[in-house]
Amino acid sequence: MDGTVGRGLLARYGSWLPLTAATPALSLGEGGTPLVHVRRLGAQMGLRNLHVKVEGMNPTGSFKDRGMVVAVAKAIEAGAQSVICASTGNTSASAAAYGAASGLEVVVVLPKGAIAVGKLLQALMAGARVVAVDGNFDEALAVVREMAADDDHPTTLVNSVNPHRIAGQKTAAFEICDDLGRAPDFLAIPVGNAGNICAYWAGFTEYAMAGVVEQRPRMIGFQAAGAAPIVLGHRVDHPETIASAIRIGNPASWSLATAARDESGGTIDAVTDDEIIAAYQDLARSEGIFCEPSSAASIAGVRRMAAAGEIEPDALVVAVLTGNGLKDPNTAERSAGDRIIESRATMDAVRAALGW
Ligand code: AN7
């Protein structure tokens, strides 16, 4: 331990971040998330070295906190009093929390009725001003970009088009290399607005340039089949998937993401909702790790590639689990099924109900 673990990313990775003497020491304890070797799930896929990076362990339950701590700290440094974002849920939960901790006005613009309930409640509980628009995420992002560009009412945009978000999120790649003592062979990641895949690639590249690691991984990104613009090669006007966090039809970081894919010798592919839900259930049942549906896209993709022989059994694979399953109780309820056994409150009755 270097003495800064547990004090957040600005302290732990400050020398790799765009900080100055005037950047406030903001932290909710983000980063330092577990890298778990998932042996049982790996064995089911024929992979001996499958690991998951459990980003749902961040303070607001997703990887967004890594980018948000930097974006909000830099906004404060620049004198901002207000931040704004569009979101499929996690960005808004994170902006709301870091904004609350900093005394900023937070405005979040959300696609109405399309946000997992936990994420919406996180934003509301933290006191964010929530605007639900009758459009999808891509339309909401267009609105907040316009608002942030207009000087009439100054506010700082904290979506991943803000470069400080990407700077913060690259620290997850550093942590993976620090934990493994090298870079993995494959880095599997869900792709929505496509900021995170670029952030990881930037992190691996910086570590390689500095000689901390020798190689960089192949980046393998996965979109949901109903919201797969990068795979299809064209915008999707009406994206649809059960994985609401990645229901995005026109990713802001599209060209950077394809550059990361190509430079790394990787791929960006689509996985179906059925594959996503199967991976979501298998992670929970085989490993006790409860991620949100969108996060499971990375595992669904790894499973597909392993079955096709595109990932060798001994490859060192890290799949990023971007968010916590508790955020989306409605999807969990539908996936868990009606599995509660009712019984009278006696030992004999409970034993009988169990068939013991
Ligand atoms: C759990 O919160 O876009 O490809 O507005 O919440 O960097 O967009 C969330 C995205 C993956 C995709 N997994 O990451 C938002 C938002 C989870 C997410 C992604 C998101 P990007």
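These lines cover the structure that appears in this document, whether it is placed above or below. (Residues numbered from 1 in each chain as written. Predicted model: local features only at pLDDT ≥ 70, side-chain atom pairs only at ≥ 80, totals over all residues. Heavy atoms only, no water.)

This next bit is on the overall build of the protein. A tally of regular secondary structure across the protein gives 15 helices and ten strands. For the protein, the C-alpha radius of gyration of 20 Å lies close to 21 Å, the compact-globule estimate for 356 residues. By its C-alpha atoms, the protein is 70 × 50 × 45 Å across when sized along the principal axes. Residues counted as buried form 54% of the 356 residues belonging to the protein. Sequence separation of at least 24 residues holds for 71% of the intrachain contacts in the protein that already meet a minimum separation of 6. Here the protein has roughly 15200 Å² of accessible surface; of this, 52% comes from carbon and sulfur atoms. The distance from the centre of the 29 positive side-chain charges to the centre of the 38 negative ones in the protein is 5 Å. (Helix = DSSP H or I, 4+ residues; strand = E, 2+ residues; numbered from the N terminus. Rg over C-alpha atoms; globule rule 2.2 N^0.38 Å. Buried < 20%, exposed > 50% of the residue type's maximum accessible area, 1.4 Å probe, protein only. Contact = heavy atoms within 4.5 Å. Areas by Shrake-Rupley, 256 points an atom, 1.4 Å probe, with all protein chains shown as cover. Lys, Arg positive; Asp, Glu negative; His and termini not counted. Charge placed at Lys NZ, Arg CZ, Asp CG, Glu CD.)

Moving on to the nonpolar core. Judged by nonpolar contacts, the single largest core of 52 residues is most densely connected at Leu187, Ile197, Tyr200 and Phe204. Those residues in contact with Ile197 that lie beyond four places of it in its chain are Ile189, Val191, Met219, Gly221, Ala257 and Ile268. Listed in part, the 35 residues of the second largest apolar core include Leu50, Ile277, Ala279 and Leu321. (Core = buried A, V, L, I, M, F, W, Y, C linked by side-chain atoms within 4.5 Å.)

With that settled, the discussion passes to a negative patch on the surface. Taken together, Glu146, Asp150, Asp151 and Asp152 make up a surface patch of like negative charges. Mapped onto the fold, Glu146 is located in helix α6 (residues 137-149). Of the residues examined, Glu146 reaches a relative accessible area of 62% and is grouped as exposed. (Patch = residues over 30% accessible without salt bridge, like charges linked within 9 Å, V, L, I, M, F, W, Y side chains within 5 Å. Salt bridge = Lys/Arg side-chain N within 4 Å of Asp/Glu carboxyl O.)

Attention now goes to the pattern of salt bridges. Going through the model one piece at a time under the given rule, you end up with 16 salt bridges. Ionic pairing is found between Arg48 and Asp314, a salt bridge with its closest N-O pair at 2.6 Å. Remark: Asp314 occurs in the loop between α13 (293-307) and β10 (317-321) and Arg48 occurs in the loop between α2 (39-45) and β2 (50-54); sequence separation between them is 266 residues. By relative accessible area, which is 48% here, Asp314 ends up partly exposed.

Any functional reading would require information beyond the geometric quantities listed.
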